[in-house]
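Given next are the chains, with one letter for each unit.
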Amino acid sequence: MSSVCREVITLQLGHYSNFVGTHWWNLQDASLSYDPEMPLGEIQSDVVFREGQTSGGHITYTPRLIAMDLKVYSSCSICIKNVLHFRDGSLMMHKESPPVKNSFLEDLDKLEKGEILAEADFISSSQAQCSAGAMSVETVNSRLSRVQKGYKLEGSVKVWSDFLRIHLHPRTISVIHQYNHDGEAHRLEAFGQGEALLQGSVLEDLEDRLHFFVEECDYLQGFQVLCDLADGFAGLGSKVTEMLQDSYGGRGILTWGLAPVSHPNSSPMKDLYHLLNSTLGTVHLSSHSSFFCPLTLRGGLGRRPSSPVAFPHLNYDPSLWYHSSAVLALALDALTVPYRLRDNSVPMWQVADALAVSGKKVVAAYGAVPFPMMHGSTLPDALSICADTLPWKPLSACSEPGDGRCYGQWATLKGFEGQRLISSLDPGTQPPTPLHSLHSGEDVLGSYIRSFYPTAPLALQLVSTPSKLTPPFPQMFSQSVGAQGFLQSQPILPDSPLVSSVPVMTSLQSGPALDPWLSELHRGASSFDIRRVAPSFLSQGLEMADYLEALEQLRLLARRYRDDSCGVMRSSSEEDDDDD
């Protein structure tokens, strides 16, 4: 018996957040099934999608989404594809002249017009991941799901609509006309600018969009907010989450602060602005959310970060937003699993309560993308190969301490479909490791993680369905990764099938590791006189008193993560240094 669908409304605030969100929605769309005869999947798509209908009676699914970005999109190709449907059968279309389209958008146009692509670009109908089912004609999404053409868009992706493969509702895209996306003038570059935006027509527009989506929900569990952390959207996001907290206080508000590895046309002053925005955003977004989790592949949020995160089986280009956002979207696909499950779903508020203990509402994410599992092996085999090192890498620029201290952890393994979770041993055979003697996947994974965090509360989620990759997801995997995302003993040949799915393992943690991370952010923002070094930052709506108060809140927030209860005593000199 399927459980009640608890709906989630998604807000994407800012250009990079929309990059990550576009990849994330493409992943969700790839898992949709249009065939009523197919068995229900583990993920309940209705949590984040809304059902609509065309005037011809065809069922469509559009994201329950509000996406805010700057006015570059007034002439963007997204408008041509924004064909959307209401429950009453009416149809609306937004059209404006698009710029030159890349090869993916050209093929998408052909599919929407009913034109035929080359036969070699398709897999057979029997292999299709979703079908038209009871519909009288195939949908664009179901046809596109069969396209296996490899696109190389690394040189042509300029905006996130360049790789968006789904339809959006007309109430989804909210264009901010007061500021420009590119150019040097009228940029949304400071926290105070973003805070000042949410008033007047912008506020009324957002409230109308929220009201529309909320009214459609029967059991709204909350909001997932993707917000740019390094520019003025951090200020806008702080006001948006404050509004959500005031208006929907009983709902979950899970906020993900997004930051790219690098920004185009950066400069020392812009880097300083990025630091200040990230600092203020962390304070205010965490204050107004059920929990706040920064997501970035940067080596840190300061002005001199270490090298970007490297994954052993990915060949991604950190400087390309198209690549780094794809990695974060894969991780986010697993991180958001607990409250999107069809059965045994865990509501947003419960996930937050398990992690945000005693006001510690900043959490850190870690991920193994992809999870290193050999094709045909078992979960004990994969974890045993990792030996004394956890398979995941930092996704929040927060290194794990390695001393086993953690207040709480939520781990998810997604995508082991076709692989065995336990070892099959002949009677009397000595198991090669203790993991090989356990009798369930939950026991195997739990035992492995507890060997690193023996006393920390741990919640586990194992989902067999992988993250399904469809064009134009970047093919940035090493030659050791096979078509199903599992490692192969022999290198993959150049003409082998594209990687169509991957297993991913993630962890959300609250623990003492966040003390040095937050303290470093505080030290970076406190190391100079903002009135002398960056007076223009203050002139754009932020009061000096508010800035100083935010720094004090950040200092106190970092102190909450100091764990003296685990037998680690801090000297008085350390305390004095932190208070300086």
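Read on for a plain summary of the structure.

About the cut-offs
- Residues numbered from 1 in each chain as written.
- Predicted model: local features only at pLDDT ≥ 70, side-chain atom pairs only at ≥ 80, totals over all residues.
- Heavy atoms only, no water.
- Buried < 20%, exposed > 50% of the residue type's maximum accessible area, 1.4 Å probe, protein only.
- Helix = DSSP H or I, 4+ residues; strand = E, 2+ residues; numbered from the N terminus.
- Pairing = 2+ DSSP bridges.
- Axes fitted to C-alpha atoms, helices over the stretch in contact; angles between N-to-C directions.
- Contact = heavy atoms within 4.5 Å.
- Polar contact = N/O pair within 3.5 Å; in protein donor to acceptor, adjacent residues only side chain to side chain.

## Quick look at the pairing of strand E3 (residues 59–63)
Along any regular strand the residues' side chains alternate between the sheet's two faces. The element E3 is largely enclosed, with a buried count of 4 among its 5 residues. Pairing of strand E2 (residues 49–53) with E3, which is carried by 5 bridges, proceeds in the antiparallel orientation. Across the sheet, residue Gly52 finds its bridge partner in E3, namely Thr60.

## Observations regarding the sheet that holds strand E4 (residues 65–70)
Strands sit in the order E7-E4-E1-E8-E9-E10 across an open sheet of 6 strands; the sheet is parallel. Sheet topology places strand E7 (173–176) and strand E10 (291–296) at the edges, where each strand pairs with a single neighbour. Averaged over all adjacent pairs, the angle separating strand axes in this sheet is 15°, with direction ignored. Of the strand pairs in this sheet, strand E9 (residues 252–259) and E10 are connected by 6 bridges, and their pairing is parallel. For Trp256, the partnering residue across the bridge sits in E10 and is Cys293. Relative to strand E8 (residues 220–228), helix H1 (residues 15–30) is tilted by about 130°, and along the sheet it contacts strand E1 (7–13), E4, E8 and E9. In this fold helix H10 (residues 348–355) packs onto E1, E8, E9 and E10, with an angle of close to 60° to the strand it touches most, E8.

## Considerations on unusual backbone geometry
Cis geometry is found at the peptide bond from Val369 to Pro370, where omega equals -10°. Position of Pro370 relative to the elements: it lies in the loop between strand E11 (364–368) and helix H11 (379–386). Note that the residue after Pro471, namely Pro472, is joined by a cis bond; omega there is 10°. Examined against the element boundaries, Pro472 turns out to sit in the loop between strand E15 (467–468) and strand E16 (501–502). A positive phi is found at Asn265, a non-glycine position, where the angle reads about 55°. With respect to the helices and strands, Asn265 occurs in the loop between E9 and helix H8 (268–288). One non-glycine residue with positive phi stands out, namely Ala397, at about 60°. Among the structural elements, Ala397 can be located in the loop between strand E12 (393–394) and strand E13 (408–414).

## Side note on the side chain of Thr241
Note that Thr241 resides in helix H7 (residues 233–247). In terms of polar contacts, Thr241 uses its side chain to reach the backbone carbonyl oxygen of Gly237, at 2.8 Å. When sequence neighbours within four positions are dropped, the list of residues in contact with Thr241 reads Val225, Ile253, Thr255, Leu285, His288 and Ser289.

Functional significance is not addressed by these values, which are geometric in nature.
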